[in-house]
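# A structural walkthrough
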Amino acid sequence: MERKYAILGESLKHTMSPPIHKRLFELKNREFTYEIIELPTEELAPHAEYLKSLAGFNITIPHKIGIISHCDKLADSAKRYNSVNCVDNKNGTHTGYNTDCDGFLATINAMGADLGGKVLLIGCGGVGRMMAIEAALAGADLVIAVLESDIPLAEQAKKEITAMKSDAKVSIVKNTDIDTSVSYDLLMNACPVGMYPKINGCPVSDDVIDASKAVFDVIYNPRETVLIKKARAQGKKAAGGMAMLVWQAVKAHEIWDNDIYSDEEVQSIITEMELQVEKDFPTA
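The rules behind these values
Residues numbered from 1 in each chain as written. Predicted model: local features only at pLDDT ≥ 70, side-chain atom pairs only at ≥ 80, totals over all residues. Heavy atoms only, no water. Helix = DSSP H or I, 4+ residues; strand = E, 2+ residues; numbered from the N terminus. Buried < 20%, exposed > 50% of the residue type's maximum accessible area, 1.4 Å probe, protein only. Polar contact = N/O pair within 3.5 Å; in protein donor to acceptor, adjacent residues only side chain to side chain. Contact = heavy atoms within 4.5 Å. Arc of directions from axis to C-beta. Pairing = 2+ DSSP bridges. Axes fitted to C-alpha atoms, helices over the stretch in contact; angles between N-to-C directions. Right-handed = clockwise from strand over helix to strand, strands pointing away. Left-handed = near helix turned anticlockwise from the far one by under 90°. Nonpolar A, V, L, I, M, F, W, Y, C, P; charged D, E, K, R; others polar. Phe/Tyr/Trp six-rings, centres within 6.5 Å; stacked < 30°, edge-to-face > 60°. Lys NZ or Arg CZ within 6 Å of the ring centre and 35° of its normal. Salt bridge = Lys/Arg side-chain N within 4 Å of Asp/Glu carboxyl O.

In this section: the side chain of Asn89. In this fold, Asn89 is placed in strand S5 (residues 86-90). On the basis of relative accessible area, Asn89 is assigned to the buried category, the value being 19%. Within polar-contact distance, the side chain of Asn89 engages the backbone oxygen of Leu54 at 3.0 Å. Setting aside residues up to four positions removed in sequence, Asn89 forms contacts with Lys52, Ser53, Leu54, Ala55 and His94.

Listing the buried residues of helix H1 (residues 17-27) in full gives Ser17, Pro18, Ile20, His21, Leu24 and Phe25. Take H1 and look down its axis: the buried residues cluster within an arc of 165 degrees, on one side only. On its buried side, H1 packs onto strand S1 (3-9), strand S2 (32-38), strand S3 (56-59), helix H9 (241-257) and helix H10 (263-280). Backbone geometry just after H1 places Asn29 at a positive phi near 55 degrees.

The six strands lie next to each other as S9-S8-S7-S10-S11-S12, forming an open sheet whose pairing is parallel. Because the sheet does not close on itself, it has two edges, and the strands there are strand S9 (169-174) and strand S12 (237-239). Strand-to-strand twist in this sheet, taken as the mean axis angle between neighbours without regard to direction, amounts to 15 degrees. Of the pairings in the sheet, the one linking strand S7 (residues 118-122) to strand S10 (residues 186-189) comprises four bridges and is parallel in character. The residue bridging Ile122 from the neighbouring strand is Asn189, located in S10.

This next bit is on the sheet that holds strand S4 (residues 73-74). Strands pair in a sheet through their backbones, by hydrogen bonds, and they do so in one of two ways: parallel or antiparallel. Spatially, the six strands line up as an open sheet ordered S2-S1-S3-S5-S6-S4, and their pairing is mixed. For this open sheet the edge positions go to S2 and S4, each flanked by a neighbour on one side alone. Here five bridges tie S5 to strand S6 (residues 93-97), and the two strands are oriented antiparallel to one another. Considered in S6, the bridge of Cys86 is made with Tyr97. Along the sheet, H1 makes contact with S1, S2 and S3, crossing S2 at roughly 165 degrees.

So, about the side chain of His63. Assignment of secondary structure puts His63 in the loop between S3 and S4. For His63, a relative accessible area of 1% puts it in the buried group.

Looking now at the pairing of S2. Taken together, the seven bridges between S1 and S2 define a ladder with parallel strand orientation. Pairing of Gly9 across the sheet is with Glu38, part of S2. A crossover connection joins S1 to the parallel S2 through H1; in handedness this β-α-β unit is right-handed.

To continue, consider the packing of H1 against H10. Where H1 meets H10, the axes come as close as 11 Å, and the angle between the chain directions of the two elements is 150 degrees. Handedness of the H1/H10 crossing: right-handed. Packed against H1, whose contacting residues are Pro19, Ile20, Arg23, Leu24 and Leu27, the element H10 presents Glu265, Ile269, Glu272 and Met273 at the interface. The residue inventory of the contact of H1 with H10, partitioned by class, reads six nonpolar, no polar and three charged.

With that settled, the discussion passes to the packing of aromatic side chains. Each pair of aromatic rings is reported with the distance of its centres and the angle of its planes. Tallying each qualifying case throughout the model produces six aromatic pairs. Measuring from centroid to centroid gives 4.5 Å for Phe25 and Phe32, while their planes differ by 20 degrees, and the two rings are stacked. Judged by relative accessible area, which is 1%, Phe25 ranks as buried. Put simply, the rings of Tyr5, Phe25, Phe32 and Trp256 touch in pairs and so form one group of aromatic residues. Lying over the aromatic face of Tyr261, Lys28 brings its terminal NZ or CZ to 4.8 Å of the ring centre.

Another aspect to go through is the pattern of salt bridges. Applying the stated criterion across every chain yields a total of 19 salt bridges. Residue Asp257 is joined to Arg30 by a salt bridge in which the shortest nitrogen-to-oxygen separation is 3.7 Å. In this pair, Asp257 is assigned in helix H9 and Arg30 in the loop between H1 and S2, connecting sequence segments 227 residues apart. With relative accessibility at 12%, the residue Asp257 sits in the buried group. Take Arg30: its relative accessible area is 33%, and that puts it in the partly exposed class. A salt bridge links Asp167 to Lys165, with the shortest nitrogen-to-oxygen separation between them at 3.2 Å.

This is the structure:
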């Protein structure tokens, strides 16, 4: 039987969700429709009943908080971040999840990187806050490097982390003051430097990359940022943002249909979507 799903957001011209979910449904031979629903904030409530008629749906900016009042229950991940990006409808009960963190954790795990070691995070807004919290909860010795203007943002994240884990190790530095005399098990970029169309930027110096064993960049356009290129040129473990995007979609399918995918299946979709981005946004 065909089941209906959707992605909800305000501006979804370049969303990768439909092709990613299409591939995941096809791998399990499921009959489905997956539509794009673009709504400004004030239109969310009038459309809530339609959304609740769907088998499940994904949510992106600006509705991740607004959708909470239309959920019957929240999973722990959604409570932790006060943010919902996936809703599941089981017999009329709507549960909100935050699969951003699941996608992030699965990506780091698939890389074989150590999230519980010495971790350096560049940037701390939005997705960076989530990455900081997950790293700290995993037991990382976390260094957050930000612009001077973003220090209050990082301090706020540190406060939240300490409330969740009193013995968390978190320090904050200006991004010009990163200590390269120590070795980092994982370098994570959560700032927009290097993102399309300004693809020649790199958020850290070569010295910082040299000091890092593995690198994750949340940016997925371009397919390979300058940061990822430099890390791979040195033979380091590295992953771009498309991996996180696909892994969080995989989590949604686990929630919706209890479907499980192999690492090889997931990697094939990541590569396919990265090539699609390269085709849609040629940089040469």
